[in-house]
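Chain by chain, the residues run as shown.
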Amino acid sequence: MRLLQTIGWLWLLCMLTGCTSQPHHVRMSKELPSIYPDYVDVTIPVGIAPLNFSMADDEVTTVDVTIRGSKTGSMHVNGDYADLDIDEWHQLLEHNKGGKLQVTVVAEKNGQWTSYLPFNIFVSRYPLDEWGITYRRIPPSYKIYSKMGIYERDLSTFEETILYENSPASGMCVNCHTANRTSPDQYVYHLRGPQGATVIHRGGKDDFLKGRNDSIGGSMVYPYWHPNGRYCAFSTNKTAQMFHLTNNKRIEVYDTQSDVFVYDTETRQVIKDTLIMRADWAENCPAFSSDGKWLYFVTARQQTYPTGYDKQKYNLCRVAFHAETGKFGNKVDTLIHAQNIGKSVTWPRPSYNGRYLMYTTLYYGYFSIWHPEADLWLLDLQKGETRPMNEVNSRRAESFHNWSTNSHWFLFTSRRENGLYTQIFFSSMENGTATKPFLLPQRNPKAYYRRSLYSFNTPDFTNKKVEK
């Protein structure tokens, strides 16, 4: 009977503690812990999902983590990785808004416990003001599209929801889910293939447009909404691929032709202008200013492919747009000359408060995700000054960035982890400087990202759950 009672108590103890080892005979280290993901000294918003992490060293069997708020509160976890309770975490962040969390890690390896120097996680005073994010997740491929789709993610938890997958569409390519200022009440996405279409969701209804239109010379791609919701800018591209044999890059994605135009969703008319549809020039990547008075885009003199692929360098330009009449201004302003910075410009994205414009630079071309040298740059629209965002850039490709509606936060994709797959990172703007970026949280991030063979791309914020 006593033996059975002892076994019962041991079982109960295992259930309560998870049968994990507790720190004893602890060795003190003068170093910070090497954790994955790297959340040391990052700045996060209240409401973000728990920053669960593992030790980077796979030989570590147990971590014991204590988190204390600079204002009040604490939490403690013990296990094979730091699996933080969601409710406790949110409460701790709320109580320490504008303060910081101090994280102390004690780790067991080969039976030896080591206590590392504590590190900080800063809790921003700026709210995120977004429910979650949307993104496309795609496997490595060049021509044949296997399972891929558009998804949404609740940023306060780890819940992911399918918005659209291509499984019922015979492996067709689905891409570019673009909302109007993070509002899912108005969005557009594309489905490529023989039965493809551009789908515009507005006013609770879907409008299906032909996947290709001879009057604009190609497909409707890279959309960006006007803030009034009536107009949507697109580029029309004849896209091709070629592969490197000796370069450190795998592939070049380029356009043999591209132009920019605006679609009027009320009249269902395409608004074209020779200022942004010039012969021998390639216009691309349109984006409206925060007040809707300007249309930004990139343009380069069209080169001959494949021999001139590395000579096509895009300038950043803008043209006035008058929403009352649906007409463009009479001249194009060049804001950044590629020859002045020695690089090509792509993906202009103005902040919604009108202060900044973030863009990507690369050596040539515009399709930056295949260029390891691709970096984020920031243009101060008030001062007219531009600079590389060294505080968030890495040795590998950064791209596909978007702003939160309050312009205090932005997200982007990066291949910094392994050079192969793009992942989503977040950062905030503090007095014109970006904070250290942090990786999209997952329940068990090391296991998740190691097992994933998918890239995240074209991410954006969404201010509420998408109504399907």
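Relevant structure appears above.
Residues numbered from 1 in each chain as written. Predicted model: local features only at pLDDT ≥ 70, side-chain atom pairs only at ≥ 80, totals over all residues. Heavy atoms only, no water.

A. Up close: the overall build of the protein. Each helix and strand counted, the protein has four helices and 35 strands in total. Per element, the accessible surface of the protein, about 21300 Å² overall, is 50% carbon and sulfur. (Helix = DSSP H or I, 4+ residues; strand = E, 2+ residues; numbered from the N terminus. Areas by Shrake-Rupley, 256 points an atom, 1.4 Å probe, with all protein chains shown as cover.)

B. Structural view of the sheet that holds strand β35 (residues 455-462). Taking strand neighbours across the sheet as the criterion, the four strands line up as β12-β11-β10-β35 in an open arrangement whose pairing is antiparallel. Of all strands in the sheet, those bounded by a partner on one side alone are β12 (160-165) and β35. Mean inter-strand twist for the sheet, computed between neighbouring axes without regard to direction, equals 25°. Strand direction decides the pairing type here: strand β10 (residues 132-138) and strand β11 (residues 149-154), joined by six bridges, are antiparallel. Counterpart to Arg136 in the pairing with β11 is Ile150. (Pairing = 2+ DSSP bridges. Axes fitted to C-alpha atoms, helices over the stretch in contact; angles between N-to-C directions.)

C. Just the packing of aromatic side chains, in detail. Tallied over the full model, the rule gives 24 aromatic pairs. Ring plane angle 80° and centroid distance 5.4 Å describe the contact between Tyr309 and Tyr364, whose orientation is recorded as edge-to-face. One end of the pair, Tyr309, is in the loop between β23 (294-301) and β24 (315-322); the other, Tyr364, is in the loop between β27 (356-362) and β28 (375-380), with 55 residues separating them in the sequence. Overall, the relative accessible area of 6% leaves Tyr364 in the buried class. Centroid distance Tyr359 to Trp377: 6.2 Å. Interplanar angle 35°. Geometry classified as tilted. Of this pair, Tyr359 sits in strand β27 while Trp377 sits in strand β28, and the two are 18 residues apart along the sequence. Each member of the pair, Tyr359 together with Trp377, is buried. Taken together, Tyr222, Tyr314, Trp347, Tyr366, Phe367 and Phe400 form an aromatic cluster joined through their ring pairs. The residue whose ring lies beneath Arg137 is Tyr454, and the NZ or CZ to ring-centre distance is 5.7 Å. Arg278 extends its terminal NZ or CZ atom over the ring of Trp281, reaching a point 4.4 Å from the ring centre. (Phe/Tyr/Trp six-rings, centres within 6.5 Å; stacked < 30°, edge-to-face > 60°. Buried < 20%, exposed > 50% of the residue type's maximum accessible area, 1.4 Å probe, protein only. Lys NZ or Arg CZ within 6 Å of the ring centre and 35° of its normal.)

D. Representation of the environment of Lys100. For Lys100, the position within the fold is in strand β7 (residues 100-109). Overall, the relative accessible area of 35% leaves Lys100 in the partly exposed class. Once the C-alpha coordinates of Lys100 and Asp41 are considered, the two residues, 59 residues apart in sequence, prove to be 9.4 Å apart. Beyond its immediate stretch of four places on either side in the chain, Lys100 contacts Arg68, Gly69, Ser70, Asn120, Ile121, Phe122 and Val123. (Contact = heavy atoms within 4.5 Å.)

E. Local environment of helix α2 (residues 86-95). The set of residues buried in α2 consists of Ile86, Trp89, His90, Leu92 and Leu93. Angular distribution of buried residues about the axis of α2 spans 160°; they occupy a single face of the element. At its buried positions, α2 is contacted by β3 (43-44), β5 (60-69), β6 (74-79), β7 and β9 (119-123). Two or three places before Asp87, at the start of α2, stands the capping residue Asp85, its side-chain oxygen 3.2 Å from that residue's backbone nitrogen. (Arc of directions from axis to C-beta. Polar contact = N/O pair within 3.5 Å; in protein donor to acceptor, adjacent residues only side chain to side chain.)

F. Local environment of the sheet that holds strand β22 (residues 281-288). Here we have four strands laid out as an open sheet, ordered β22-β23-β24-β25, and antiparallel in their pairing. The sheet terminates laterally at β22 and β25 (327-336), the two strands that pair on one side only. Each adjacent strand pair in this sheet contributes to an overall mean axis angle of 30°, direction not counted. Relative to β24, β23 is paired through six bridges, and the arrangement is antiparallel. Its bridge partner being in β24, Tyr296 is matched across the sheet by Arg318.

G. Structural context of the nonpolar core. Of all hydrophobic cores here, the largest spans 74 residues; its most connected members are Trp89 and Phe410. Of all hydrophobic cores here, the second largest spans 23 residues; its members include Cys285, Tyr366, Phe367 and Trp370. (Core = buried A, V, L, I, M, F, W, Y, C linked by side-chain atoms within 4.5 Å.)

H. Structural detail: unusual backbone geometry. Here the bond from Tyr36 into Pro37 is cis, since omega is -5°, no more than 30 degrees from zero. Checked against the element boundaries, Pro37 lands in the loop between β2 (35-36) and β3. Cis geometry marks the peptide bond from Tyr305 to Pro306, where omega comes out at 10°. As for its position among the elements, Pro306 is in the loop between β23 and β24. At Thr182, a position not held by glycine, the phi torsion is positive, near 70°. Secondary-structure assignment places Thr182 in the loop between β13 (173-180) and β14 (183-192). Although it is not a glycine, Asp280 sits at a positive phi angle of roughly 70°. Relative to the assigned elements, Asp280 resides in the loop between β21 (269-271) and β22.

I. Representation of the pattern of salt bridges in the model. For the coordinates displayed, the defined rule picks out 20 salt bridges. Note that Glu391 and Arg387 form a salt bridge whose closest N and O atoms lie 2.9 Å from each other. Where Arg416 meets Glu398, a salt bridge forms, and the shortest distance between an N and an O atom there is 3.1 Å. Here Arg416 is found in the loop between β31 (409-414) and β32 (423-430), whereas its partner Glu398 is found in strand β30 (residues 398-403), with 18 residues between them in sequence. Of the residues examined, Arg416 reaches a relative accessible area of 23% and is grouped as partly exposed. (Salt bridge = Lys/Arg side-chain N within 4 Å of Asp/Glu carboxyl O.)

J. How the structure looks around the side chain of Thr265. Looking at where Thr265 falls in the secondary structure, it is placed in the loop between β20 (251-264) and β21. A distance of 3.2 Å separates polar atoms of two side chains, one belonging to Thr265 and the other to Arg202. Within polar-contact distance, the side chain of Thr265 engages the backbone oxygen of Arg230 at 2.6 Å.

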